[in-house]
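Survey of secondary and tertiary structure
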Amino acid sequence: MKSAIISTNYKAIKLVSKNEKWLIPSIIINSLFANLSPYVNIYMSALIVNEISGQRNVRDLTILVLITVLSNLVISLVSSMLGKFKNRSWTRFENAEKIMFMEHGFSLDYVHLEDSEVRQSRRKIDESKNINNYGIWSMIYSFENISDSIINIIFAIIFMSSLFGIIITQSNDIVGIFLFPILLILLVSLSIFISMKNSKKLSKLGEEMSDNMIYVNKISNSYGGYQMGKDIRIYDMIKIYKRLNDEVEQAHIKGSRKYWFGHRNTLIPDAIISQVINFLTYAFVCLNAVRGLFQVGSVILYVGYISRLIDAFKSFSSNIAMYKMNLPFLQHYLKFFDIENTMTKGRMHIDARGSGNYEIEFHNVSFKYPGSETFAIENLSMILNNNKRLAVV
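Small disclaimer: the values here were computed from a predicted structure and weren't measured.

About the cut-offs
Residues numbered from 1 in each chain as written. Predicted model: local features only at pLDDT ≥ 70, side-chain atom pairs only at ≥ 80, totals over all residues. Heavy atoms only, no water. Helix = DSSP H or I, 4+ residues; strand = E, 2+ residues; numbered from the N terminus. Buried < 20%, exposed > 50% of the residue type's maximum accessible area, 1.4 Å probe, protein only. Contact = heavy atoms within 4.5 Å. Areas by Shrake-Rupley, 256 points an atom, 1.4 Å probe, with all protein chains shown as cover. 1 Å grid on protein atoms, 1.4 Å probe; cavity = no way out; pocket = protein on both sides within 12 Å on 5 of 7 lines; lining within 4 Å. Points joined across faces, edges and corners; volume = space filled by probe spheres on them. Nonpolar A, V, L, I, M, F, W, Y, C, P; charged D, E, K, R; others polar. pLDDT = per-residue confidence, 0-100. Axes fitted to C-alpha atoms, helices over the stretch in contact; angles between N-to-C directions. Parallel < 35°, antiparallel > 145°, perpendicular 65-115°, else oblique. Left-handed = near helix turned anticlockwise from the far one by under 90°. Polar contact = N/O pair within 3.5 Å; in protein donor to acceptor, adjacent residues only side chain to side chain.

Attention now moves to the overall build of the protein chain. Looking only at helices and strands, the protein chain has 11 helices and 2 strands in total. Listing the helices and strands of the protein chain from first to last along the sequence gives α-α-α-α-α-α-α-α-α-α-α-β-β. Relative to its 393 residues, the protein chain shows a buried fraction of 36%. Taking the contacts inside the protein chain whose residues are at least 6 apart along the sequence as the reference set, 78% of them involve residues at least 24 apart. Working note: accessible area of the protein chain is about 24500 Å², and carbon and sulfur atoms make up 62% of it.

If you want it as structure tokens, here you go:
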């Protein structure tokens, strides 16, 4: 399963980069600057609170506030420019995807174009996207969220490293030093385990809803279609259609309720674990502040960093679970583009395709020009062998 997730998503990223080379890099660079601002604000807020609770020097407070405002201004301007660049890349890929489907459709053999399974496959891609952006777009959203998570983890570890340095050097409570990280690791691991376990269930519910939506749209479109609409009225099938439509509508309502209730139920355990983690974080930091290990402003600093670190780990795990949940939809998406045109493109001479024993036969062919009553050719029968030239005069 892990290798399938990695190989499939790598293939999808290559497909995205092939059609819009700047989308993936713009997501990563934008994540870097977009996630920097909260850490700067937390750090500067802690310094301001320490100054207010300490010497209350107006000059120092003014400098701290100016640094906070200017740094946020610079980060916001850079993030805004990068965000616009990312959004343009996003829009270009949306347009490129439409061209991808159009060009691939043009390249398919008539055998594939008339194949009901191929048409069903194309409809399923659209329905999966309508449900929860499953497929290529879910992969892109998850990639963006994972980029945010990794950058948050790096920033949080860098900024909060001083916390454990202070506690280790100034505290004799060895049990407390190691107990808090162990409890956090256990709780985060439990949250990750629950997310992974629920991903399979949500994936199955998503596939059921996708298949149900295809059938619902098939019934709905049939009555609105010109030819099908005529058939339904001519053969007096309106009552049958209405009964079938009611059954499908009820099935759709039931399927939607099942999917969204299932999705909601997976969020409850995670919400409970999050509240327990928040309580432990505040308790750990505040107790060490009361013991005089650091100033009051550091409570804001370390609670903020620890909370962002934990949220980043949880977001990372939930998006890995989303990759797992999205896997069948993404495989289906890529499989559609893997359909190859196996027919000869018409670029070889006839004698280059095999033995060369081919012939073209005309049997009772007639032709007359528009507006003419006289046949230019009437009941013509002939055989044209390869490597021969024949003129009809």
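That covers the picture; the talk isn't over yet.
This part takes up the layout of surface pockets. Its volume calculated, the largest pocket comes out at about 460 Å³. Around the largest pocket sit 24 residues that line it, and Leu202, His263, Leu267, Ser318 and Met322 are the ones nearest its centre. Of all the secondary structure elements, the ones that give two or more residues to the lining of the largest pocket are helix H7 (136-170), helix H8 (174-224), helix H10 (238-290) and helix H11 (297-337). Among the elements that line the lining of the largest pocket, the one with the most residues is H11, at 7 residues. A breakdown of the residues in the lining of the largest pocket according to their chemical character gives 8 nonpolar, 14 polar and 2 charged. Pro181, Leu184, Ile185, Leu309 and Phe313 are the residues nearest the centre of the second largest pocket, which is lined by 14 residues in total. Among the elements of the structure, H7, H8 and H11 are those that each provide at least two residues to the lining of the second largest pocket. No other element matches H8, which puts 7 residues into the lining of the second largest pocket. Grouping the amino acids of the lining of the second largest pocket by side-chain chemistry returns 13 nonpolar, 1 polar and no charged.

Before going further, it helps to examine empty space enclosed by the protein. In total, this model carries 1 cavity of 30 Å³ or more according to the counting rule given. Of the pockets and cavities examined, the largest cavity occupies roughly 40 Å³. In this structure, the largest cavity is lined by Lys124, Ile125, Ser128, Tyr134, Gly135, Phe329, His332 and Tyr333. Looking at the lining of the largest cavity, the elements that each hand over two or more residues are helix H6 (116-132) and H11.

With that settled, consider the confidence of the model for the protein chain. Taken over all residues, the pLDDT of the protein chain has a mean of 79, while the share at 70 or more is 83%. Per-element averaging of pLDDT across the protein chain places helix H9 (residues 226-234) at the bottom with 54 and helix H2 (residues 23-34) at the top with 91.

This part takes up the packing of H2 against helix H4 (residues 58-107). H4 packs onto H2 with a crossing angle of 155° between their chain directions and a minimal axis gap of 9 Å. Relative to H4, H2 is oriented roughly antiparallel. Judged by the twist between their axes, the crossing of H2 over H4 is left-handed. Between H2 and H4, the residues in contact are Leu23, Ser26, Ile27, Ile29, Asn30, Phe33 and Ala34 and Ile75, Val78, Ser79, Leu82, Gly83, Phe85, Lys86, Ser89, Trp90 and Phe93, respectively. Tallied by class, residues from the contact of H2 with H4 come to 11 nonpolar, 5 polar and 1 charged.

In this section: the side chain of Thr68. With respect to the helices and strands, Thr68 occurs in helix H4. At 2.8 Å, the side chain of Thr68 forms a polar contact with the backbone oxygen of Leu64. With sequence-adjacent residues up to four places away left out, Thr68 is seen in contact with Asn41, Met44 and Ile48.

A few words now on the environment of Ile42. Following the sequence through the fold, Ile42 ends up in helix H3 (residues 36-53). In the structure, Ile42 is positioned 26 residues away from Thr68 in sequence and 9.9 Å away in space, judged by C-alpha atoms. Leave out the neighbours within four places in its chain, and Ile42 touches Ile300, Leu301, Gly304, Tyr305 and Arg308.

As a packed pair, helix H1 (residues 2-19) and H4 sit with axes 9 Å apart at the nearest point and diverge in direction by 100°. What the angle tells us is that H1 and H4 run roughly perpendicular. Across the interface between the two elements, Leu15, Val16 and Asn19 from H1 touch Phe93, Ala96 and Met100 from H4. Residues that form the contact of H1 with H4 fall into these classes: 5 nonpolar, 1 polar and no charged.

The next point concerns the environment of Lys368. You can see Lys368 is positioned in the loop between strand S1 (359-367) and strand S2 (377-385). Separated by 10 residues in the primary sequence, Lys368 and Glu378 place their C-alpha atoms 8.3 Å from one another. Residues contacting Lys368, with those up to four places away along its chain left out, are Glu373, Thr374, Phe375 and Ala376.

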